[in-house]
Amino acid sequence: MHFLKDRGFTHATPSDITPRGVYEQRRQLIKGLAGTALAGIAARDAIAQTSGPGKLPALPGAKSSVPGAMTMEKLTSYTDVTSYNNFYEYGTDKADPGRAAHMLKTRPWTVAVEGEVKKPKTFDIDELLKLSPMEERIYRLRCVEGWSMVIPWVGYSLAELIKRVEPTGNAKFVQFITLADKAQMPGVRSGVLDWPYSEGLRLDEAMHPLTLLGFGLYGEVMPNQNGAPVRLVVPWKYGFKSAKSIVKIRFVDKQPPTSWQTAAPQEYGFYSNVNPAVDHPRWSQATERRIGEAGGLFAKRKPTLPFNGYEAQVAPLYAGMDLKKNF
Ligand SMILES: Nc1nc2c(c(=O)[nH]1)N[C@H]1C(S)=C(S)[C@@H](COP(=O)(O)O)O[C@H]1N2
Ligand SMILES: [Mo]
């Protein structure tokens, strides 16, 4: 997705490679633990960890009871989750958001909920934080570029917010519009995408209990580079559907335009369900590279699962649809 408008061929860049020191350390640790009882304990402790690394204010969440919300896979390290990002408002390099997103001011912050709803309302972020109990959900995030992470998010189902604003019978889709402020976001001066970043879901997708309104990760408030103070996490769709730093949620009667579809409609469809059987026009989607795994770029790729492994939960939403046409 780098410099998409130049139609350049996407390939691994140096920023895709785990910094050598980090990689060596990790390799030694894994080698040292492999096959021992400690390896299992280390993995279990990583999953049980709800207290964050202590960099940001705590935002604990109770373990989610939503089916599919708690994968037992090894978590991606906090360092990787916060230093390997796509947030084009801060630049197109994976390291750019981690370096520059300190410029983002997350207070005051409001989210306007409007359009086809009986109770439109502009929520203050601190009101949104208290709207529903916080849950921890461990989701895989799979980027359309072919890498993936496993992240312990904190938030609640977007459905909780949707119920409170009471969509009208005309509400068929939900549009998510994110902040585009040149003063805080240097990338917005570039023409790499049409700003503001905009995404959309069908109403039933938005109402699905797995669709998360995310306020944090690793038991702490959302790091800026991951989309503070509030973002979407839609685990069965490619990462770009999970809009960061949302300022507006609009209920509409027609399928809304989205930033990536507008930029390259032949490459990025509206649905964007993770689908190993539908290749991106420029690369295969059959496998993925788990960020942070020993071996870096040369680690064995994992097969990508239909709907990113959430098929049991979400496939019924698409019954009767041709997902090769509606990619
Ligand atoms: N506002 C905004 N949201 C965005 C993006 C972006 O560039 N701007 N990138 C998307 C893409 S392509 C991915 S893969 C995920 C990455 O989320 P992460 O950095 O928290 O892993 O955010 C998505 N949300
Ligand atoms: Mo992505």
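Residues numbered from 1 in each chain as written. Chains lettered and ligands numbered in written order. Predicted model: local features only at pLDDT ≥ 70, side-chain atom pairs only at ≥ 80, totals over all residues. Heavy atoms only, no water.

Side note on the overall build of the chain
On a plain count of helices and strands, the chain comes out with nine helices and 13 strands. The long-range fraction of contacts in the chain, counting pairs at least 24 apart against all pairs at least 6 apart in sequence, stands at 73%. As displayed, the chain has an accessible area near 14200 Å², and 58% of this comes from carbon and sulfur atoms. (Helix = DSSP H or I, 4+ residues; strand = E, 2+ residues; numbered from the N terminus. Contact = heavy atoms within 4.5 Å. Areas by Shrake-Rupley, 256 points an atom, 1.4 Å probe, with all protein chains shown as cover.)

Brief notes about the site of ligand 1
Around ligand 1, the surrounding shell holds 17 residues, and the nearest of these are N85, Y88, E89, R231 and K244. The contact in question runs from an oxygen atom of ligand 1 to an N or O atom on the backbone of Y88, over 2.8 Å. One of the side-chain nitrogen or oxygen atoms of N226 is found 2.9 Å away from an oxygen atom of ligand 1. Within the complex, the protein chains bury 100% of what would otherwise be the 530 Å² of accessible surface of ligand 1. In this structure the site holding ligand 1 corresponds to the largest cavity. (Near = heavy atom within 4 Å. Polar contact = N/O pair within 3.5 Å; in protein donor to acceptor, adjacent residues only side chain to side chain. 1 Å grid on protein atoms, 1.4 Å probe; cavity = no way out; pocket = protein on both sides within 12 Å on 5 of 7 lines; lining within 4 Å. Sits in = over half its atoms within 2 Å of the grid points.)

A closer look at the pairing of strand β5 (residues 147-157)
Within β5, 11 of the 11 residues are buried, leaving the element largely enclosed by the surrounding structure. When strand β4 (residues 135-142) meets β5, the two strands line up antiparallel, connected through eight bridges. Across the sheet, the residue bridging to E136 is V154, located in β5. In this antiparallel pair of consecutive strands, β4 and β5, the connection spans four residues, and G146 shows a positive phi of 105°. Relative to strand β12 (residues 287-290), β5 runs parallel, the two being bridged by two bridges. Looking at β12, one finds that S148 is bridged to R290. In the sheet, β5 pairs with strand β8 (residues 212-217) via five bridges, with the strands oriented antiparallel. (Buried < 20%, exposed > 50% of the residue type's maximum accessible area, 1.4 Å probe, protein only. Pairing = 2+ DSSP bridges.)

Section: unusual backbone geometry
Cis geometry marks the peptide bond from R107 to P108, where omega comes out at -10°. Relative to the helices and strands, P108 is located in the loop between α4 (96-100) and β2 (110-115). Between W195 and P196 the backbone carries a cis peptide bond, its omega angle lying at -5°. Positionally, P196 belongs in the loop between β6 (173-178) and β7 (198-202).

Digging into the pairing of strand β3 (residues 121-124)
Each regular strand shows side chains that alternate between the opposite faces of the sheet. Pairing between β2 and β3: four bridges, direction antiparallel. Bridge assignment links V111 to a residue of β3, and that residue is F123. In this antiparallel pair of consecutive strands, β2 and β3, the connection spans five residues.

A word on the packing of aromatic side chains
In total, this model carries 13 aromatic pairs according to the counting rule given. Measuring from ring centre to ring centre gives 5.7 Å for Y78 and Y218, while their planes differ by 75°; the resulting arrangement is edge-to-face. Of this pair, Y78 sits in helix α3 (residues 78-83) while Y218 sits in the loop between β8 and β9 (220-221), and the two are 140 residues apart along the sequence. A relative accessible area of 4% places Y218 in the buried class. Centre to centre, the rings of F240 and Y268 are 5.4 Å apart; their planes meet at 75°, and the pair counts as edge-to-face. Remark: Y268 occurs in the loop between α8 (259-263) and β12 and F240 occurs in the loop between β10 (231-233) and β11 (246-252); sequence separation between them is 28 residues. Taking relative accessible area as the criterion, F240 reaches 7% and is therefore assigned buried. (Phe/Tyr/Trp six-rings, centres within 6.5 Å; stacked < 30°, edge-to-face > 60°.)

Things to note about the sheet that holds β7
With respect to topology, five strands assemble into an open sheet ordered β3-β2-β11-β6-β7, the strand pairing being mixed. Both outer strands of the open sheet, β3 and β7, are each paired with one neighbouring strand and no more. Averaged over all neighbouring strand pairs, the angle between strand axes comes to 15°, with direction disregarded. As judged from the six bridges shared by β6 and β11, these two strands associate in the antiparallel manner. Pairing of I177 across the sheet is with K248, part of β11. On top of the sheet, helix α6 (residues 158-165) reaches β2, β3, β6 and β11; it is set at about 60° to β11, its chief contact. (Axes fitted to C-alpha atoms, helices over the stretch in contact; angles between N-to-C directions.)

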